[in-house]
Amino acid sequence: MSKRFLLLFTGLIIVFLGVLVFDIKSFDGENLIIEQHIVVENVVSETEETIEELQEQQIQEYLNKMSIEEKVAQLFVVLPEALLQDKNTVTFADLEMQKAIEKTPVGGFIYLSQNLQSKEQVKNMLVNMQKYSVERIGLPAFMCVDEEGGVVSRISGNEKFNI
């Protein structure tokens, strides 16, 4: 019993002297973690601000390069037929569509059932539409489908797409 008491007493004296000589936080694992967390949080916060500032600068530079017509066109999502006056149904993106996108670089396209014939056809059409958009304006276009569910189901429930 006296050995235990002596060891406990010696340990308490060492801890007491350590508290007097050193900042208690340097011995407290939880406080040390909190200090590290704050430092990491500050670094992350500064990094996020730097990234956000850089992104904002890049966006502003990009917008400065665009004409007012290009900026306005980017606000619209249209049927692909809207860019081609003489076509009733667009099922592929050809040279005519490329020229239409060069003239009016809209922000996106919305497709109806008549535009969607098969998986391969849709894939090729969308890949080319994106290619034309990126070549013209430097941005991919939004690709949309009129898919409300229920009665209006262009993809789901369509046997052509097996979904």
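Since the model is a prediction, treat every value here as computed from it, not as a measurement.

Enquirer: Can you walk me through the side chain of glutamine 98 in this structure?
Expert: With respect to the secondary-structure elements, glutamine 98 resides in helix H4 (residues 95-103). Classification of glutamine 98 by relative accessible area gives buried; the value is 18%. Beyond its immediate chain neighbours, meaning those up to four positions away, glutamine 98 contacts Tyr132 and Glu135.

Enquirer: Explain the environment of methionine 97 to me, please; I cannot follow it from the model alone.
Expert: Along the chain, the position of methionine 97 falls in helix H4. Of the residues examined, methionine 97 reaches a relative accessible area of 0% and is grouped as buried. When neighbours within four sequence positions are excluded, methionine 97 is seen to be in contact with Pro80, Leu83, Leu84, Val90, Met129 and Tyr132.

Enquirer: Looking at this model, I keep getting lost on the confidence of the model for the protein chain. Mind explaining?
Expert: Low pLDDT marks regions whose predicted coordinates should not be analysed in detail. Of all residues in the protein chain, 64% have pLDDT values of 70 or greater, and the mean over the chain is 76. Confidence drops under pLDDT 50 across residues 6-41; counting only partners more than four residues distant or on other chains, this segment forms six contacts.

Enquirer: Quick question: what am I supposed to make of the pattern of salt bridges here?
Expert: Once their charged atoms are close, side chains differing in charge can pair, the charge on each being opposite to the other. Going through the model one piece at a time under the given rule, you end up with three salt bridges. The partner of glutamate 70 in a salt bridge is arginine 136, with the nearest N and O atoms 2.7 Å apart. On the criterion of sequence distance, the pair formed by glutamate 70 in helix H3 (residues 68-73) and arginine 136 in helix H5 (residues 119-137) is long-range, its members being 66 residues apart. Residue glutamate 70 is classed as buried on the basis of its relative accessible area, which comes to 14%. With relative accessibility at 26%, the residue arginine 136 sits in the partly exposed group. Between glutamate 96 and lysine 87 there is a salt bridge, with the nearest N and O atoms lying 3.8 Å from each other.

Enquirer: How do you make sense of the nonpolar core when you look at a structure like this?
Expert: One recurring pattern in soluble globular proteins: nonpolar side chains tend to sit buried together. Counting residues in hydrophobic clusters, the biggest one holds 18 residues, and the most contacted among them are Leu83, Met97, Ile101, Phe109 and Met129. Of all elements in the fold, only H4, strand S2 (108-111) and H5 reach the threshold of two or more residues within this core. The biggest single contributor to this core is H5, with four residues.

Enquirer: Please clarify how the side chain of serine 133 should be interpreted in this entry.
Expert: Counting through the fold element by element, serine 133 comes out in helix H5. Those residues within four positions of serine 133 in sequence are excluded, and the remaining contacts are Ile101, Gly138, Leu139, Pro140 and Ala141.

Definitions and cut-offs
Residues numbered from 1 in each chain as written. Predicted model: local features only at pLDDT ≥ 70, side-chain atom pairs only at ≥ 80, totals over all residues. Heavy atoms only, no water. Helix = DSSP H or I, 4+ residues; strand = E, 2+ residues; numbered from the N terminus. Buried < 20%, exposed > 50% of the residue type's maximum accessible area, 1.4 Å probe, protein only. Contact = heavy atoms within 4.5 Å. pLDDT = per-residue confidence, 0-100. Salt bridge = Lys/Arg side-chain N within 4 Å of Asp/Glu carboxyl O. Core = buried A, V, L, I, M, F, W, Y, C linked by side-chain atoms within 4.5 Å.

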